[in-house]
Structure formats: C-alpha cells, structure tokens
Amino acid sequence: SNAKDSDSSNEGSPTECTYLGKGVDIEDTTDIGGGCNIGWTSSGEWLEFELDLAGGRYQVDSRVASDAGGGRFTLQLNGKNIGEQTIATTGDWQKWATRDVGQFTAMSGSHTLRLNINSAGFNLNWLEFTQLSADQDGDTVEDHHDLCPDTPQGRSIDADGCINDNDEDGIVNTVDQCADTPQG
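Attention in this report is confined to the structure presented alongside it. (Residues numbered from 1 in each chain as written. Predicted model: local features only at pLDDT ≥ 70, side-chain atom pairs only at ≥ 80, totals over all residues. Heavy atoms only, no water.)

For the rest of this paragraph, the subject is the overall build of the chain. Helix and strand counts for the chain stand at 0 helices and 10 strands. Scanning the chain from its N terminus toward the C terminus, one meets helices and strands in the order β-β-β-β-β-β-β-β-β-β. For the chain, the residues scored as buried account for 42% of the 184 residues in total. Taking the intrachain contacts of the chain between residues at least 6 apart in sequence as the baseline, contacts between residues at least 24 apart amount to 58%. A total of about 9700 Å² of accessible surface is found on the chain, and carbon and sulfur atoms cover 48% of it. (Helix = DSSP H or I, 4+ residues; strand = E, 2+ residues; numbered from the N terminus. Buried < 20%, exposed > 50% of the residue type's maximum accessible area, 1.4 Å probe, protein only. Contact = heavy atoms within 4.5 Å. Areas by Shrake-Rupley, 256 points an atom, 1.4 Å probe, with all protein chains shown as cover.)

This part covers a nonpolar patch on the surface. A grouping of Ile171, Val172 and Val175 is seen on the molecular surface, where their side chains present a nonpolar patch of about 230 Å² in accessible area. Here Val175 shows up in the segment after strand E10 (123-134). (Patch = residues over 30% accessible without salt bridge, like charges linked within 9 Å, V, L, I, M, F, W, Y side chains within 5 Å. Salt bridge = Lys/Arg side-chain N within 4 Å of Asp/Glu carboxyl O.)

Bringing the pattern of salt bridges into the picture now. Tallied over the entire structure, the rule returns 3 salt bridges. Arg63 is the partner of Asp31 in a salt bridge, and the nearest nitrogen-oxygen pair spans 2.9 Å. Separated by 32 residues along the polypeptide, Asp31 in the loop between strand E2 (26-28) and strand E3 (36-38) and Arg63 in strand E5 (residues 56-66) bring together distant segments of the chain. In this structure, Asp31 and Arg63 share a single accessibility class: buried. Arg72 is paired through a salt bridge with Glu84; the nearest N and O atoms lie 3.2 Å apart. Taken together, the positions of Arg72 in strand E6 (residues 72-77) and Glu84 in strand E7 (residues 80-86) put the pair 12 residues apart, joining distant regions of the chain. Of the residues examined, Arg72 reaches a relative accessible area of 25% and is grouped as partly exposed.

Glancing now at the side chain of Thr74. Structurally, Thr74 can be placed in strand E6. Judged by its relative accessible area of 9%, Thr74 falls in the buried class. Apart from residues no more than four positions distant in its own chain, Thr74 is found in contact with Gly83, Glu84, Arg114, Leu115, Asn116 and Asn118.

Rendered as structure tokens:
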C-alpha cells in the first residue's frame, strides 16, 4: 500500500486507525459498522492497494458522503482506468450513500488498485468489489458461459472459453483444415 497526500499530517482525528503513517487524512466514521473514513480530499492525492483477485467480472461500489457535492475520483487497476465517480451531495460529511462505480474484468492474480482524487469535496468510507460470476480457469469467460471450464491459462480462446487453436499452428480451428496437426 502506498499514498500521496497534499499535506504531511492527518487532518482528521482518528482514534481507531492510521494509514501506514503516510499522513492520509482520516477520521472516525459514523457510518454503519464504524471504522474510519478518508476525508479532506484534495485534487492530486491518491491511495494504492494490492489486491488478489480471481479471474472474472467485478462490480465496484463506493460508500461516500459529501456536504457540497462535486468531488470526483477515478479507479485504476494496474494503470488501466476501471471506473470513475462524481459525487453528488449526500447532505452532510457523515451522511453516507452507496454508489455504483462500474464494472471491470480482471485476470486471476495480484493487482495494484489506485484511487486517484480528481476533485476535492467528499469522504470515502469503503470500496467494495463483488465478483459477478466465477471464472475458475481464469480465461475471462464466466463459468456459466464457459463450455471449456479447464482451459489452461495463457492459451488463445474463443467466446465460449475453448481453445481456438488446438494444434498451436497459428490457424484458428474454425478455418484450420487440419486442426489436430501435431507440431514438428
């Protein structure tokens, strides 16, 4: 985990948590479940987290509060944008609302998630990643659509999750007149 904050100290007054001693502005939350939230957001700040994800499609939701509205953040996974959100007013800095950030597809493995603060004016309590459907073989085809659920990782696949070049000769099966030609 890593972070960039616009000042060197915590502007909040947490009693329960800190963020790796990085001076990230956090405070105790009044949200359901307690804990701490990020506050005093400023444009240019960011937080990074390491995530281990199973392959598949994910829904991202955020728990936000804003007295003024207009704050904005983007999410990146391994440097690629996967969602963004402009925060409407919730009526108070501690009046919380769960909002849809978007969906993305990830391969199985370790990933770096980066939260970029693009515009100030919101508090963030949490981000939630919900896998929409399992993808046990990590080929990005959801199991309920995958006709070949044990495809080896790294192989070229078709929309059904099946290897589309059985003999690995560079010609996809649909046009390969000798789809099972041994190599050599």
